[in-house]
Every structure is written in C-alpha cells, then in structure tokens.
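Results of the structural survey
Listed below are the residues making up each chain.
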Amino acid sequence: MPDSLFNIQQSLMRSRWVMPDVELSLIEQVARKYGLPEPVARMLCARNVADSDIPKFLSPTLKNDFPDPFSLTGMRELAEHVSDAIIAKRKISIFGDFDVDGATSSAILHRFLKYYSVEAPIYIPDRLTEGYGPNTEALQKLKTDGAEIVFLLDCGTTAFDIVAEGKAMGLEIIILDHHEAEDKLPDAKYIINPKRKDDGSGLTMLAACGVTFLTCVAINNRLKEKTGEAGPDLKNFLDLVALGTVCDMVPLKGANRLFVKVGFEVLAARKNPGIRALLETAKVNSAPDVFTAGFVLGPRINAGSRVHKADLGAQLLSTDDAEEAKNIAWTLHDCNEKRKEIQAQMEFEAIQKVEASGLDQFPAIVVDDESWHPGLAGLVAGRLKEKYGKPSCVITYTDNGKKEGKGSGRSVPGINIAKIFIDARNKGFLEKGGGHAMAGGFTVLPENITAFREFVYEQVKNQAASLTANSESLIDGVLSVRGLRADFVKLIRDSVGPFGQEHPEPLFVINNVRIHSADVVGSSHVRVLAGDWEGGTRLKAVAFRAVDTPLGDALLKQGRRPFHLCGTLKINEWQGRESVEMHIKDAAFAMDIQEEEKKTA
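A short tour of the structure in this document, coming up. (Residues numbered from 1 in each chain as written. Predicted model: local features only at pLDDT ≥ 70, side-chain atom pairs only at ≥ 80, totals over all residues. Heavy atoms only, no water.)

Right, let's get into the overall build of the chain. In terms of helices and strands, the chain carries 21 helices and 18 strands. For 601 residues, the compact-globule estimate of 2.2 N^0.38 gives 25 Å, and the C-alpha radius of gyration of the chain, at 25 Å, lies within 12% of that figure. Counting only C-alpha atoms, the chain reaches 85 × 60 × 45 Å along its principal axes. Expressed as a percentage of the 601 residues in the chain, the buried residues total 55%. (Helix = DSSP H or I, 4+ residues; strand = E, 2+ residues; numbered from the N terminus. Rg over C-alpha atoms; globule rule 2.2 N^0.38 Å. Buried < 20%, exposed > 50% of the residue type's maximum accessible area, 1.4 Å probe, protein only.)

Spatial ordering of the open sheet is given by S7-S8-S9-S11-S10, a layout of five strands whose pairing is mixed. Edge positions in the open sheet fall to strand S7 (365-368) and strand S10 (432-435), since each of these has one partner strand only. Strand-to-strand twist across the sheet, computed as the mean angle between neighbouring axes with direction ignored, equals 15°. Lying on the sheet, helix H15 (residues 322-357) is in contact with S7 and strand S8 (392-399); it crosses S7 at an angle near 120°. Sitting on the sheet, helix H18 (residues 449-464) is in contact with S7, S8 and strand S11 (439-444), with an inclination near 160° to S7. (Pairing = 2+ DSSP bridges. Axes fitted to C-alpha atoms, helices over the stretch in contact; angles between N-to-C directions. Contact = heavy atoms within 4.5 Å.)

Taken as a whole and judged by the stated rule, the model has one cavity of 30 Å³ or more. There is about 40 Å³ of room inside the largest cavity. Residue lining of the largest cavity: Asp97, Phe98, Asp99, Ala103, Ile124, Ile301, Ala310, Gly313 and Ala314, and that is the complete set. When grouped by side-chain class, the residues that make up the lining of the largest cavity number six nonpolar, one polar and two charged. (1 Å grid on protein atoms, 1.4 Å probe; cavity = no way out; pocket = protein on both sides within 12 Å on 5 of 7 lines; lining within 4 Å. Points joined across faces, edges and corners; volume = space filled by probe spheres on them. Nonpolar A, V, L, I, M, F, W, Y, C, P; charged D, E, K, R; others polar.)

The five strands lie next to each other as S3-S2-S4-S5-S6, forming an open sheet whose pairing is parallel. Each end of this open sheet is capped by a strand with a single partner; those strands are strand S3 (122-123) and strand S6 (190-192). Sheet topology note: the strand S5 (residues 172-176)/S6 ladder contains three bridges and is parallel. Across the sheet, residue leucine 176 finds its bridge partner in S6, namely isoleucine 192.

Our next topic: the side chain of aspartate 532. The topology assignment puts aspartate 532 in strand S15 (residues 525-532). The contacts of aspartate 532, once residues within four sequence positions are left out, are Ser480, Val481, Arg482, Asn512, Val513, Arg514 and Thr537.

Leu78, Ile86, Phe112, Phe151, Phe213 and Phe259 are the most contacted members of the largest nonpolar core, which totals 77 residues. For this core, the leading source of residues is helix H9 (residues 208-227), giving nine residues. Filtering out sequence-adjacent residues up to four positions away, phenylalanine 151 remains in contact with Val82, Ile92, Ser93, Ile94, Phe95, Leu109, Ile174 and Leu176. In terms of nonpolar packing, the next biggest core, distinct from the first, is built from 46 residues, Leu44, Val481, Ala543 and Leu555 among them. (Core = buried A, V, L, I, M, F, W, Y, C linked by side-chain atoms within 4.5 Å.)

Before going further, it helps to examine the pairing of S10. Sheet topology places S10 next to S11; four bridges connect them, and they run antiparallel. Each bridged residue has a counterpart across the sheet, and for lysine 432 the counterpart in S11 is threonine 443. If you look at the hairpin formed by S10 and S11, you'll find three residues sitting between the two strands.

Here we come to the packing of aromatic side chains. For any two aromatic rings, the description comes down to two numbers: the centre-to-centre distance and the angle of the planes. All told, the structure shown has 14 aromatic pairs when counted by the stated rule. An angle of 15° between the planes, with centres 5.6 Å apart, marks the rings of phenylalanine 95 and tyrosine 123 as stacked. Of this pair, phenylalanine 95 sits in strand S2 (residues 92-96) while tyrosine 123 sits in strand S3, and the two are 28 residues apart along the sequence. The two residues phenylalanine 95 and tyrosine 123 agree in class, both being buried. (Phe/Tyr/Trp six-rings, centres within 6.5 Å; stacked < 30°, edge-to-face > 60°.)

Moving on, we get to unusual backbone geometry. Across residues other than glycine, the phi torsion is negative in most instances, and most of the peptide bonds are trans. Proline 498 follows glycine 497 through a cis peptide bond whose omega is 5°. In this structure, asparagine 48 takes a positive phi of about 60° despite not being glycine. A residue is classified by how much of its surface remains accessible, and asparagine 48, at 69% relative accessible area, is exposed. Even without being a glycine, glutamate 502 presents a positive backbone phi close to 65°. Here glutamate 502 shows up in the loop between helix H19 (486-496) and strand S14 (508-521).

Okay, the packing of helix H6 (residues 100-115) against helix H10 (residues 238-247) next. The geometry of H6 relative to H10 is characterised by a closest axis approach of 8 Å and an angle of 160° between their N-to-C directions. Between H6 and H10, the angle is such that the two are roughly antiparallel. In this structure, the crossing between H6 and H10 has a hand that is left-handed. Residue-level inspection shows Val100, Asp101, Thr104, Ala107, Ile108 and Arg111 of H6 in contact with H10, the latter providing Leu240, Val241, Leu243, Gly244 and Cys247. Within the contact of H6 with H10, the residues separate by chemical class into seven nonpolar, two polar and two charged. (Parallel < 35°, antiparallel > 145°, perpendicular 65-115°, else oblique. Left-handed = near helix turned anticlockwise from the far one by under 90°.)

Glancing now at the pairing of S7. Pairing analysis gives four bridges linking S7 to S8, with the strands arranged parallel. Across the sheet, residue isoleucine 365 finds its bridge partner in S8, namely serine 392. Running through helix H16 (residues 377-388), the crossover from S7 to the neighbouring parallel element S8 is right-handed. (Right-handed = clockwise from strand over helix to strand, strands pointing away.)

Glancing now at the layout of surface pockets. Here the idea is plain: a probe the size of a water molecule rolls over the atoms and shows the empty space left. Of the volumes computed, that of the second largest pocket is approximately 280 Å³. Taken together, 14 residues line the second largest pocket, and the ones lying closest to its centre are Thr537, Arg538, Leu539, Ser579 and Val580. The set of elements that each furnish at least two residues to the lining of the second largest pocket consists of strand S16 (538-543) and strand S18 (577-589). A breakdown of the residues in the lining of the second largest pocket according to their chemical character gives six nonpolar, three polar and five charged.

Helix packing geometry: the angle between the two helix axes and the distance between the axes. Orientation of helix H1 (residues 24-34) relative to helix H2 (residues 38-46), taken along the N-to-C sense of each, is 115°, at an axis distance of 8 Å. Where H1 crosses over H2, the handedness of that crossing is right-handed. Contacts from Leu26, Ile27, Val30 and Ala31 of H1 reach H2 at Glu38, Ala41, Arg42 and Cys45. Counted by class, the contact of H1 with H2 contains six nonpolar, no polar and two charged residues.

What follows deals with the environment of glycine 435. With respect to the helices and strands, the residue glycine 435 is situated in strand S10. Apart from residues lying up to four places away in sequence, glycine 435 is in contact with His179, Glu180, Ala418 and Gly440.

Distances and angles like these do not, on their own, reveal function.
Right, dumping it as structure tokens:
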C-alpha cells in the first residue's frame, strides 16, 4: 500500500490521500516516446494505460478503434432479421426508458428507421404512474396501433412476465439494454446486452444508447449488402450517443471514450435541432463539454419525465422541425425550474427525517415518505449519498389501485447496489429491482419495507467488509498556487480528457495554503480565496454543497490554520482573460496552528 500523501490518513471528508507510486524511468520513457509533458505521462502511467494503448487513448479514431458490433451476442441474427423487416416495411415501434439514456436511444433508432422510411412511434412510460420498464398496457397500446415488432430500449433485461405477455399478444420483442443480467433471460426474440452472462464482446461499459447505436451500425451493414444503399451517415448520431453515455454515468473507457470524444465534436456542430434548441435555451454559447451534457442538457431532458411529460425528451431529440424543437426546449426549461423547487423542499425534508431518526448511523440510508414526488427519488437519493457518504435509498408512493413504494438508490464506490436490489427481489422483499452498480430502482410493497431495509443494511455491511475503513483519494499531482498556469490546465483537459466514470477528473493537492476569505454562496456552497502560506498570487476556489459538512465548517471557521486543498482545476474565462480556479472536493489541516506559529516566529 502506498504511503499517504503528507501523512493524511483521514481528511476532513474521511479520506486517505494517496499518490500512486510510478517509476520515474517509466514516466520518462512514455514522455520521450510519445512527446508528452511529464505531468501527462505521469497521469497515464498512474492510471495504468498500457504503453501500446496510449495513442488510441489520447486520439481514438472511428477508423482504427471502432468496436465490432457483431461481437455482441445475438447481433448477427438480429441484424439479419431486422434488415429484412425494414425492407418489407413491417410495423416497428419503440418503447424507451424515461431517462436521458432512454431518450437518446429512442431518438437514435427513430432517426435510423426514418431514413429507411419506417416511421416508428416512440412510447416513453410515465415515470410517475407507470414506473421503470415495460408494462402490459403499453405493449397492448402499441399492438393496437399496429406494431408487429417492439424494441425495448434501456430496459427489459429482467422483465420476464411482461415480455412473455407481449409475446402472447403476437409481438416480436427485441431488447437493447445494458442493465445487470441474470443467468436466465426473458423469452424475447433477441436480447442485445453486453452484460449477458454469455456475451464475450468486452463491451460492458456501454450505455443503452451505445448498444442501440451499434445495433443500427450492424443493421445498416446488412441493408447495404442487401440493397446496395449506403444508408445514413451514422457518425451524425454520435452526439446523441455522447450525451446519453455521459448522462448515464457509465465508465468512460474503451468504446465509450471514442464515442464521447467524437460525439462532442458532432455536438459542437449543433446539427441536431433539439440539441441546438436546448443549448440556446440554456444560453450555452461555448462548445459543449462533459459538464454541459451532465449538468445542463441532461437535467432538462430528464425534467419532463418528472412532471408527467415523459416523452418530451425523446420528441425533442427526434424532431427535425426547428420550431417544434424550440417549443419543446422551452417547455423542458420550465419543467426543470419547477423540478428544482420541488427537489429542494424534498431534500430538506429527507435530511430532517434522516437526522431526527438517526438513520445516518446505519450502514445505508433508507428513507420514505408518502408526500414526496416519485419523479425525484433518484436525485434526492444522490444528495443523501453525497451528504452522508453512504448508499442511500429514497422511497415514494403511488396508488393506482394498489399502493406501492417506488424507490431509487444511489451507491458509493465498492458497493454494488443493483446486486442488492436483484437479490432482494429474488428473496421476495421487492416486486421489481435492478440497475447499475452505482444506481438502481425498485418497487416495494409497504408491508415489506422494514424487511427490505434490514436486508439492505446486511448486504451493505457484507460488501463493505472487504473495503478499508476510510476511502482513498488518488491524487494526480501536488502544486502550489504560484505554480498554476492556464495552459497547464488546458493541456490536461484536452490531452487526457474527457473525464467521467472510472476515468475521473484529475485530483490535485495545493499544499500549505492560507485561507484569506471564505463565505457562503447561494444556500450551500462555500467560496474561498486562498494563497500560498508565504504570500503572493491568490486562487479563487469553491466547495460545492459544502455547507453543514466537515469540509465547509473548517473552511468557514478555521481560516487561521494552514490547509492542503484537494480538488479539480478549471479554466475561468472573463472578458477575454483566462484564470485558473479550483473546485474543492476535500481538505486537510497542514499542521497544527501552534506548530505554524513556532515556525514563523
């Protein structure tokens, strides 16, 4: 185990800071071979990017690094069958999940089929009344409207009974998904999911939009052979793939890194009328990046599903009508503003409930309330996870003839929450359950909540037994305030980025700083002006949502003590000037104040 940096065994956010040991000779070799600056070479070595993989890691290309769609189990058979269905003009419908991944997946397939004159209607379930995944009523409606083939996008892998009912109706069900799969699969016509137990493609990092995109590539390949037609320029769909990939928080490595890098180039061109309208509505004038996708576009696309307008996101991304796109974008903007107000109140109530009942003393947080908005459970679970550093589940209720709890969970590294939900369902504690390692959803009957809560506690304890008491933060470098330069930050951003899940933004420690001022911005952020202890240049920094946390309290109240600040570096542009800012993630006291006073006496 590497030594802790500055002997920080437990930071203010209960983390042990570690800087990976990397041989200097290896760093020098990589830097020399690929013409890279030392900080970039160090980062690549520390993140275990193999020497031979460095060129495609830094500059992946569609020509050289595109994954083979036919490596996915079942893809060859599906492409053969669906290409024939397109030629025969069979009736195809799309059922997509209500999140960004579902909306982008639906738009990709819709646009692809439309090119071949197949008008495939999109059905997005109401998050509040129908919940996640396919349901009998929706499939029956699609059947009544003429569907012969129904694609289930970003859902369906665990929908055994519903898929069976759809098949009994005479529908051909095709599942394109990426959620955790069990040994048994539903009896669908085809299931393309890189997480199938029998899939050897190695593409488990893909979001559903990536699976859908590769499916379109495979079908287009067969159509080209059968008709001689080149088909659509599928590269133009990569803006949707990049958007869905970032927003679904899947690992940003392998094929996803290629899709996001190229996809943001397409996104910057604003060819999709819906994306263009959304960027204009949000007043984004610069080239979109990962932050834009995850925190500006994504919440707006999701907002409709949270207020009974679930299909607006998919409509926006599917339309070619610029005026329609503007109208939908403004509607989603208004939905998002309404969502923010409801979410803030719900978060306040959830935190009060947790602390009044001492729920933060357990291995995980499971909290419920009948008055809460079902569409915001996941966002509030994420806030509780951030605040308490524990897996968190939020349960709301619906009553459509049968009162049910609709829950969402968010997890921390090392705890697979989807496995907990699947196991709870198999044991009879849940009606439905699944998702990803870091996020999932479930349906629970009120009488089973106590047993479910105890099961979650037990499973989190079991999974956590192999983890260290404090998490580790991997530090990419140590800097001083006076050593910060905008060109250095841009170099890291442009050469090693984009960053995301399993390839996080670099964490840097600025050591031995003095806090010159600290105040609260908004209701929950702490703004700081810091400088090297010896004086000189000052750095603007902010700790988001740090109020009432150990980090925020220390920055606001312990200004006389020297700090090590840990965070990510950003470029701030103002009136044509660029400066470096820090987003503070953590901090530690550099030394006791008495020691510092002795040192400077």
